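Residues per chain are reported as follows:
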Amino acid sequence: MWLQQPPVHRVIVAQLVVSAVLALALLPLGITFTLSSFLGGLCCSLPNAYFVWRAFRYRGARSAKLIVSSFYRGEAGKLVLTTAGFILVFTLVKPLEPLALFGTFVVVQAVSWFAPLLVVRRQKPVK
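Overview of the structure. Predicted model only: the values in this text are computed from it and were never measured. (Residues numbered from 1 in each chain as written. Predicted model: local features only at pLDDT ≥ 70, side-chain atom pairs only at ≥ 80, totals over all residues. Heavy atoms only, no water.)

Describing helix 3 (residues 64-92)
Operational definition: In DSSP terms, a helix is any run of H or I states spanning at least four residues, a strand is any run of E spanning at least two, and both are numbered starting from the N terminus. One less than the residue count of a helix, multiplied by 1.5 Å, gives the span that helix is expected to have. The contact criterion used throughout is that any non-hydrogen atoms of two residues lie within 4.5 Å.
End to end, helix 3 covers 41 Å across 29 residues, agreeing with the expected 42 Å (1.5 Å per residue, within 8%). The secondary structure elements touched by the buried residues of helix 3 are helix 2 (31-55) and helix 4 (98-111).

What follows is the structure, encoded as structure tokens:
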């Protein structure tokens, strides 16, 4: 039996959906709040997508060293991409609403707390 890749992409999809919903919810406050919110969500979800792509490339006991290595590289890349994202946002986007940016970042990051619920596979009952 082959090991299936866990459906961790659902976490990234959920993070992108939460980013869009929060940005749209802030639309009545103005385009600055909306854009700042959306960029905060992207600063969280895009590095997480990189981590998922990097970390879950290998499966199986024979690939244990590759799995550990890919997790470390994925986490390092995620940290670099998150930092670069914030640097780009703060240098290129004017005007900016920091509360909306960081607030959405935190809320989107909190989506990963529910990852076990999003990644659970439906088990077929044994007969």
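Some details on the packing of aromatic side chains
Aromatic rings in a pair are described by how distant their centres are and how their planes are angled relative to each other. The criterion, for reference: Classification of ring pairs rests on two measures: the distance between centres of Phe, Tyr or Trp rings, Trp counted by its six-membered ring, which must be within 6.5 Å, and the angle between planes, read as stacked under 30 degrees, edge-to-face over 60 and tilted in between. For each residue, the accessible area found with a 1.4 Å probe, counting protein chains only, is set against the maximum for its type, and the residue is called buried under 20%, exposed over 50%, and partly exposed in between. Cation placement over rings: the criterion is NZ of Lys or CZ of Arg within 6 Å of the ring centroid and within 35° of the ring normal.
Enumeration over the complete set of coordinates arrives at five aromatic pairs. Seen in terms of ring centroids, Tyr 50 and Trp 53 are 5.9 Å apart; in terms of plane orientation they differ by 45°. Their pairing is tilted. Separated by three residues within a single helix, Tyr 50 and Trp 53 lie in helix 2, roughly one turn from each other. Judged by its relative accessible area of 26%, Tyr 50 falls in the partly exposed class. Through pairs of rings, three or more aromatic residues link up here, namely Phe 86, Phe 90, Phe 102 and Phe 105. One Lys or Arg, Lys 78, reaches over the ring of Phe 51 and ends 5.6 Å from the middle of that ring.

Describing the side chain of Ser 36
Relative to the assigned elements, Ser 36 resides in helix 2. Excluding residues within four positions of it along the chain, Ser 36 makes contact with Leu 96, Glu 97, Ala 100 and Leu 101.

Some remarks on the nonpolar core
Our working definition: Here the nonpolar core consists of buried residues drawn from Ala, Val, Leu, Ile, Met, Phe, Trp, Tyr and Cys, with membership extended through side-chain atoms lying within 4.5 Å.
Formed by Leu 39, Cys 43, Cys 44, Phe 86, Val 89, Val 93, Leu 96, Leu 101, Phe 105 and Val 108, the largest nonpolar core amounts to 10 residues. Broken down by secondary-structure element, the contributors of at least two residues to this core are helix 2, helix 3 and helix 4. One finds Val 8, Ile 12, Phe 51 and Ala 55 within the second-largest nonpolar core, a separate group that totals five residues.

Some thoughts on the environment of Ala 49
By the element assignment, Ala 49 lies in helix 2. The class of Ala 49 is partly exposed, set by a relative accessible area of 26%.

Regarding helix 1 (residues 9-25)
Heads up, the rule is: The arc refers to the directions leading from the helix axis to the C-beta atoms.
The end-to-end C-alpha separation of helix 1 is 24 Å, in line with the 24 Å expected for 17 residues at 1.5 Å each. Listing the buried residues of helix 1 in full gives Val 11, Ile 12, Ala 14, Gln 15, Ser 19 and Ala 23. Viewed end-on, helix 1 has its buried residues packed into an arc of 165°, placing them on one side of the element. Relative to its buried face, helix 1 has exposed residues pointing more than 90 degrees away, namely Val 21, Leu 24 and Ala 25.

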